[in-house]
Amino acid sequence: MKIALSGGGTGGHIYPALALIREIQKQDKNAEFLYIGTKNGLEASIVPRANIPFQSIEISGFKRSLSLDNVKTIWRFLKGVQESKKMLKEFQPDVVIGTGGYVCGPVVYAGAKLGVPTIIHEQNSVPGLTNKFLSKYVDKVAVCFDEAVASFPKGKVVMTGNPRATEVLGQNAINGKLSVGLDPAKPSVLIFGGSRGARPINDAVLKTFTQLASRPYEVLYITGEVHYESVKKEAELAGNPENIKIKPFIHNMPEVLAGTDLAVTRAGATTLAELTSLGIPSILIPSPYVTNNHQEKNARALSDHGAAELLLEGDLSANKLIESIDRILLDEDKIVAMKSAAKKIGVPDAADRLYNVMKKLMKDK
Ligand SMILES: CC(=O)N[C@H]1[C@@H](OP(=O)(O)OP(=O)(O)OC[C@H]2O[C@@H](n3ccc(=O)[nH]c3=O)[C@H](O)[C@@H]2O)O[C@H](CO)[C@@H](O)[C@@H]1O
């Protein structure tokens, strides 16, 4: 079986595709893959690192407002479709799957126009522009939230969950802690602002350093690649306490999550699928800078059920952050209740569900 995949820009669109690949590899040793992305997105480093054949097209995102750039984008889209058609004709896939981000626009569109079975996977409760556009042309739309169903053509939508929820299971917590310099005997908090980091979260975290230094727990603080150098400098000025380990980005997130007692993070949909599958309590600080405020909607799907606490960016401060961490982490009953609420939302068999949708589509079409 040959599978072409595309999805990119940020980790939240790339890791679900890689998780699906891992599931297919488990069930079909002979499966072949081609991943199409852009040279500028995170996929250009993450996908080859996972040993998956990677090719790139040139494409940029569409702006919602009227702009000359959009003319360029349309031209690039059409060029991207031609390039994708060439790659797909050469690879001859049995199915094309898009996991979001503007790069999958031309790739999945090209697949549909060539008559190849096509699927898009929408991780969020509110769909992105690219997936909305593609939903008219594809055969199936796989979703993770009930709220997303109404945004897509009836009859195409299937509820699968996010394949990354499957991939993060069964990892070794001790190895995860040791790999980032944490003490396996102590509780730990993971702080990160999505796959690229978030300046407002970094600013608040840096101001908590003096207080965090006296806490009985440890902190793994992932800054995002672009923020790392400046955060490191400020952390040194603040005395960089022993119990706070700072990294720019980590590639073994499943292992690290296995040893995490509490997560403080944005509310990207793929991160939330991981947290709920593992039953990790969280403090969610949704990014207000995303389409239709979709991260807040993602976050509320957890906080409404007691699986997470919502901390809006407007209310974020160092004091509020440390008060929330202490209140949850130092209260065993609260941790147990949040864990169980998170697990109830998780969809641990999501990868198998998506693979089954794919197999059925290929059989039927
Ligand atoms: C600004 C923006 O548009 N963000 C979107 C993007 O976020 P973003 O890419 O930040 O997405 P998510 O938070 O959903 O996923 C991040 C992924 O990166 C992984 N990770 C993160 C840090 C690290 O050091 N190592 C690592 O592997 C996480 O475990 C997770 O698998 O895609 C999500 C999924 O469609 C959307 O919900 C977000 O709104």
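Small disclaimer: the values here were computed from a predicted structure and weren't measured. (Residues numbered from 1 in each chain as written. Predicted model: local features only at pLDDT ≥ 70, side-chain atom pairs only at ≥ 80, totals over all residues. Heavy atoms only, no water.)

Q: Summarise the UniProt feature "binding site: UDP-N-acetyl-alpha-D-glucosamine" (unreviewed entry) in the protein; cite the residues concerned and give the values.
A: Within this numbering scheme, the UniProt entry marks Thr10, Gly11, Gly12, Asn124, Ser195, Ile250 and Gln295 as carrying the feature "binding site: UDP-N-acetyl-alpha-D-glucosamine" (unreviewed entry). These annotated residues cover 286 residues of sequence, and their C-alpha atoms reach 23.0 Å apart at the extremes, leaving them scattered rather than at a single site. On the secondary structure map, threonine 10 appears in the loop between β1 (2-6) and α1 (11-27). On the accessibility criterion, threonine 10 (29% relative accessible area) is partly exposed. Excluding residues within four positions of it along the chain, threonine 10 makes contact with Leu42, Ser195 and Arg196. The class of asparagine 124 is buried, set by a relative accessible area of 8%. Discounting chain neighbours no more than four positions away, the residues touching asparagine 124 are Phe145, Ala148, Ala269, His294 and Asn298. (UniProt positions renumbered as here; feature names shortened; annotations may be inferred. Helix = DSSP H or I, 4+ residues; strand = E, 2+ residues; numbered from the N terminus. Buried < 20%, exposed > 50% of the residue type's maximum accessible area, 1.4 Å probe, protein only. Contact = heavy atoms within 4.5 Å.)

Q: A description of the packing of helix α8 (residues 199-206) against helix α10 (residues 228-237) should follow, citing residues and the corresponding values.
A: Between α8 and α10, the least distance of the axes is 11 Å, while the angle of their chain directions is 10°. One element, α8, and the other, α10, form an angle in the roughly parallel class. On α10, the residues that touch Arg199, Asn202 and Leu206 of α8 are Ser230, Val231, Glu234 and Ala235. Tallied by class, residues from the contact of α8 with α10 come to three nonpolar, two polar and two charged. (Axes fitted to C-alpha atoms, helices over the stretch in contact; angles between N-to-C directions. Parallel < 35°, antiparallel > 145°, perpendicular 65-115°, else oblique. Nonpolar A, V, L, I, M, F, W, Y, C, P; charged D, E, K, R; others polar.)

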